[in-house]
Amino acid sequence: MGISRRKFIGAGAAAAASLTLDRAARADVLRKSIAHDAAATTATRPVVIASANGIRGVARAYDMITRQSVDTLDAIIAGVNIQELDPEDQSVGLGGLPNEEGVVQLDASCMHGPTRRAGAVGALEDIATPSLVAKAVMDHTDHIMLVGAGAKKFALAMGFKEQNLLTEKSRRDWLRWKACLNPSDNWLDSVPPSPAPLSASIPFDDPLHVKFTTGTINMNAVNAAGDISSVTTTSGLSWKVPGRVGDSPIIGAGQYCDNTVGAAGSTGRGEANIKTCGAFLIVEFMRQGMSPDQACMKTIERVIAMTERRLLDGRGRPLFDLQFYALAKDGRFGSATAYEGARFAVADSQGARLIPMAFMFSRSERPEMPTVRCRRA
């Protein structure tokens, strides 16, 4: 039976405007970055940073590094395991929102700065901690990435426990989505559909309004000796086409680590980040002398410049979210996001806390984002 193609993000975006910030806006962005960097330069090693959902994880990883002298990679993987094993976090591991067939498929990758080694898994099923499987690939094979059935077979051979990752909560959300004539799934229309009324002012648990997430947790750490590691793990885009792999398991995109410079990672729309090799680019910008904030912001600019018109509004602003996180070898840290309002997690000698992210566009400039809603029957 053929599959009808439907729009990936709803109505097509207007032609993109110029992607260069005007001088006043750019100066404002730089002031925000400089102000944040001034605070970050006071940080001393060790430091652990992560996306906001890693607030518990950075505290755990920092404690393991400082009190137990645990290796940075082991510590941050223990940190992200908190979210992977938390069924309430529907963007990572157990309880992650599934693909369009109701199957939870997980991606993860990690890098260990001191040994310059890396490991990754993609489209892994039935194993709740893909970050640990990625590390096992790094530790026990001559490969970097295993995917699909091969990744699961490897995990089981390594002693990982097989379990059903689809919780009842996520199953119900999938059934709500599946019950919809959904105009915002992951298929592109060859012919634009006729306009359909959108549901409005309805309860969150109404079948006409379904959850959507791009998910992910990224975590990076540097210890007192200056050794660095990075890890990213996710259940990926909800309701994705089976087999879809985002940026999280791709070395240089979802995360990257160079022990002579620093580490970086991302959360948000993976397809946009893959095309820029975002994490690698951030580390290279830091190598050239940029601060962590500046490197992240410059990479946001590059992402927008590489984004196709259908994913931009009429003023050239992205119709999606993407966040970057960066940690320098000397302990400085930073971040950037397209739109004002996001925060990220940090743990250092001042404790674990959430810090506002530098941003390119103010909250008032944020366009109306495409939403996953359903046509009324």
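Residues numbered from 1 in each chain as written. Predicted model: local features only at pLDDT ≥ 70, side-chain atom pairs only at ≥ 80, totals over all residues. Heavy atoms only, no water.

Focus on the sheet that holds strand β12 (residues 351-356)
Then, in step 1: Spatial strand order, β4-β3-β2-β6-β5-β1-β11-β12: eight strands in an open sheet with mixed pairing. Looking at which strands have only one partner, the edges of the open sheet turn out to be β4 (145-147) and β12. Across this sheet, the average inter-strand angle for adjacent strands is 10 degrees, counted without regard to direction.
Then, in step 2: Looking at chain direction, strand β3 (residues 117-124) and β4 are connected through three bridges and run parallel. Pairing of V121 across the sheet is with L146, part of β4. (Pairing = 2+ DSSP bridges. Helix = DSSP H or I, 4+ residues; strand = E, 2+ residues; numbered from the N terminus. Axes fitted to C-alpha atoms, helices over the stretch in contact; angles between N-to-C directions.)

Some details on the sheet that holds strand β10 (residues 333-339)
Then, in step 1: Taken together, five strands build an open sheet; the order of strands is β7-β8-β9-β10-β13 and the sheet is mixed. The sheet terminates laterally at β7 (255-258) and β13 (358-361), the two strands that pair on one side only. Taking each pair of neighbouring strands and ignoring which way they run, the sheet shows an average axis angle of 15 degrees.
Then, in step 2: Relative to β10, strand β9 (residues 322-328) runs antiparallel, the two being bridged by five bridges. Note on β10: the bridge partner recorded for L327 is F333.
Then, in step 3: Across the sheet, helix α8 (residues 278-287) is in contact with β7, β8 (262-268) and β9; its angle to β8 comes to roughly 145 degrees. (Contact = heavy atoms within 4.5 Å.)

Notes on the side chain of T337
Then, in step 1: Turning to its location among the elements, T337 is positioned in strand β10.
Then, in step 2: On the accessibility criterion, T337 (1% relative accessible area) is buried.
Then, in step 3: Here L322 takes part through its backbone oxygen, which lies 3.5 Å from a polar atom of the side chain of T337. (Buried < 20%, exposed > 50% of the residue type's maximum accessible area, 1.4 Å probe, protein only. Polar contact = N/O pair within 3.5 Å; in protein donor to acceptor, adjacent residues only side chain to side chain.)

Description of helix α6 (residues 168-178)
Then, in step 1: Turning to α6, its buried residues are S170, D173, W174 and W177. The buried residues of α6 occupy one face: seen down the axis, they fall within an arc of 100 degrees. (Arc of directions from axis to C-beta.)

Section: the packing of aromatic side chains
Then, in step 1: Counted under the stated rule, the structure contains five aromatic pairs.
Then, in step 2: Measuring from centroid to centroid gives 5.5 Å for W177 and W239, while their planes differ by 10 degrees, and the two rings are stacked. Pair noted here: W177 is in helix α6 and W239 is in the loop between β6 (228-234) and β7, with a separation of 62 residues, a long-range link.
Then, in step 3: With a relative accessible area of 8%, W177 lands in the buried category.
Then, in step 4: Connected via pairs of aromatic rings, a cluster forms that spans Y325, F333 and F344.
Then, in step 5: Taking the ring centre of F320 as reference, the NZ or CZ of R269 above it sits at 5.8 Å. (Phe/Tyr/Trp six-rings, centres within 6.5 Å; stacked < 30°, edge-to-face > 60°. Lys NZ or Arg CZ within 6 Å of the ring centre and 35° of its normal.)

Thoughts on the environment of L175
Then, in step 1: Examined against the element boundaries, L175 turns out to sit in helix α6.
Then, in step 2: Through-space distance from the C-alpha of L175 to that of E100 is 9.9 Å; in sequence the pair is 75 residues apart.

Details of the confidence of the model for the chain
Then, in step 1: Mean pLDDT over the chain works out to 85, with 78% of the residues at or above the 70 mark.
Then, in step 2: This model gives residues 37-41 a pLDDT under 50, and the stretch forms nine contacts once residues within four places in sequence are excluded. (pLDDT = per-residue confidence, 0-100.)

A few points about unusual backbone geometry
Then, in step 1: Residue P46 is reached from R45 by a cis peptide bond, and omega for that bond is 0 degrees.
Then, in step 2: Locating P46 in the fold gives a position in the loop between α1 (23-40) and β1 (47-51).
Then, in step 3: A positive phi is found at R116, a non-glycine position, where the angle reads about 60 degrees.
Then, in step 4: Looking at where R116 falls in the secondary structure, it is placed in the loop between β2 (106-112) and β3.
Then, in step 5: The exposure class of R116 is exposed, given its relative accessible area of 73%.

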